[in-house]
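So you can see what is in the structure, the chains are spelled out below.
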Amino acid sequence: HMPTAELQALDAAHHLHPFTHGHDLNKKGVRVITRANGVTLTDSDGNEMLDAMAGLWCVNLGYGRDELAEAAARQMKELPYYNTFFQTTHVPAIALSEKIASLTPYDLNHTFFASSGSEANDTNIRLVRTYWAEKGQPERKIIISRMNAYHGSSMGSASLGGMVPMHEQGDMPIENIHHIGQPHWYAEGGDMDPEEFGLMRARELEEKIEELGPEKVAAFIGEPIQGAGGVIIPPKSYWPEIQRICDKYGILLIADEVICGFGRTGDWFASESFGIKPHIMTIAKGLSSGYAPIGGSVVCDEVADVLNGCEFSHGYTYSGHPVSCAVALENLRILDEEGIVERAGKETAPYLKGKWEALADHPLVGEAKIQGLMGSIALTPHKESRAAFAADKGTAGLICREHCFANGLVMRHVGDRMVISPPLVITKDEVDMLADRAWKALDLAHKQLED
Ligand code: PLP
């Protein structure tokens, strides 16, 4: 391929990037990733990096599995495209929806396909409103979500999300979406006991339902563990209380498992890890390990019965794209048959937990939390008070991220939190490497912040 500088110049000239300050592309250049295998990325200069983010929280299976490429090629030759509208279907969509039903807990047995998590959450907005209208309660339109949630980038899904800068850029949220506080004890819990704080935040749901009128509320949506918000693992008290409130008011509970699903938290789904019983589950990312774009809304029997009783006027050209379905099916087959999810939960997760939590001893780290293969550390100038860095210091997280990159580790920063979500196939040796490189990057960031 062309020299890196030429690729960077062309990219800056013609490619608009998501979540990137455009001027930085000109100033610093973009990192060009050319190849990947297992947990290792290679860039256009031949540098290798351990990808502790599994791309964007999605390459659960790891890179470079030929079986998925072969499944895509086979499907492209046999039936590259057909739709699932107007009483038609095809074998990959049938097989995948059946496989998903066999893996998801409870009676979450029916999948409405989309191409991404954003589309799937947009589907959910229309789906729950249609459900209530069909049940003779069309006034139930409101969906309650949380501040600092991330549910996608389309108008509907970003409105469900609670990211203030996103809302400000697009005149969001759209109507009938409301937000309550997040269960983020470290940043917002002050002197409260974490479990008390978890209960308090969950009870904001009940207060909001009462304030808005229970007869107007359609659903609550939440990520079992907030991912893009900084891997916020809620106190144990939180989800049971949310579940109790949803049950009490008879509102639908949507678990957004786009990141958490398919082994990330050590179980197939985080709803199992937290004992959540959702009516609807949003899935994407790990469904195909990112090898092909696909997402979906998995609904329980009762919701499916109601939707099947009408024509749900909703769908995407690529709802159940045969190539994406074939790739996802092969991905799930391998995750399942090779015992990758089970091994990640039972062997890798406890080992990684030990290494990750030891980072809490670093002077720059206020807390180090992890569940399954999804972890975060909070950077702080003062451990005891959990203080945040002053804004004019530059973002500590950004500084740390750059030291990670320079030392062969891809870790993402969310403000001053560093987050990881490595491929489930990461080995113990690679976990050691991850922890060593993270410690080194913390040392360098610490020194830079003190200078
Ligand atoms: N929901 C959650 C919890 C996510 O983390 C994301 C993406 O990161 C989405 C939805 C949106 O998915 P997509 O980027 O595939 O549209």
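Everything here concerns the structure above.
Residues numbered from 1 in each chain as written. Predicted model: local features only at pLDDT ≥ 70, side-chain atom pairs only at ≥ 80, totals over all residues.

K.L.:
How should the pairing of strand E11 (residues 365-371) be read in this particular structure?
P.N.:
Both faces of the sheet carry side chains from a regular strand, because those side chains alternate between them. Burial runs high along E11: five of the seven residues are buried. Bridge analysis of E11 against strand E12 (residues 374-379) gives six bridges, and the strand direction is antiparallel. By the bridge assignment for E12, Gln-371 is matched with Met-374. (Buried ≥ 20, exposed ≤ 12 C-beta atoms within 10 Å, placed from the backbone. Helix = DSSP H or I, 4+ residues; strand = E, 2+ residues; numbered from the N terminus. Pairing = 2+ DSSP bridges.)

K.L.:
Before we go on, may I ask you to explain the environment of Arg-412 in this structure?
P.N.:
With respect to the helices and strands, Arg-412 occurs in strand E14 (residues 412-414). Residue Arg-412 is classed as buried on the basis of its C-beta count, with 21 C-beta atoms lying within 10 Å. Measuring from C-alpha to C-alpha, the distance between Arg-412 and Pro-240 comes to 30 Å, with 172 residues separating the pair along the chain. In contact with Arg-412, not counting residues within four places along its chain, are Met-53, Arg-401 and Val-419. (Contact = placed C-beta atoms within 7 Å.)

K.L.:
In this structure, what is going on with helix H10 (residues 194-212)? I would like to understand it.
P.N.:
Since one α-helical turn is 3.6 residues long, residues separated by three or four positions face the same way. The terminal C-alpha atoms of H10, which comprises 19 residues, lie 28 Å apart, in line with the 27 Å expected from a rise of 1.5 Å per residue. Within H10, the full set of buried residues consists of Phe-197, Gly-198, Arg-201, Ala-202, Leu-205 and Ile-209. Seen along its axis, H10 keeps its buried residues to an arc of 150°; they face one direction. Across H10 from its buried face, at more than 90 degrees, point the exposed residues Glu-207, Glu-210 and Glu-211. For H10, the secondary structure elements touched by its buried residues are strand E5 (142-146), strand E6 (177-180), helix H9 (185-188), strand E7 (217-222) and helix H11 (238-249). Backbone geometry just after H10 places Gly-213 at a positive phi near 100°. (Expected span 1.5 Å × (residues − 1). Arc of directions from axis to C-beta.)

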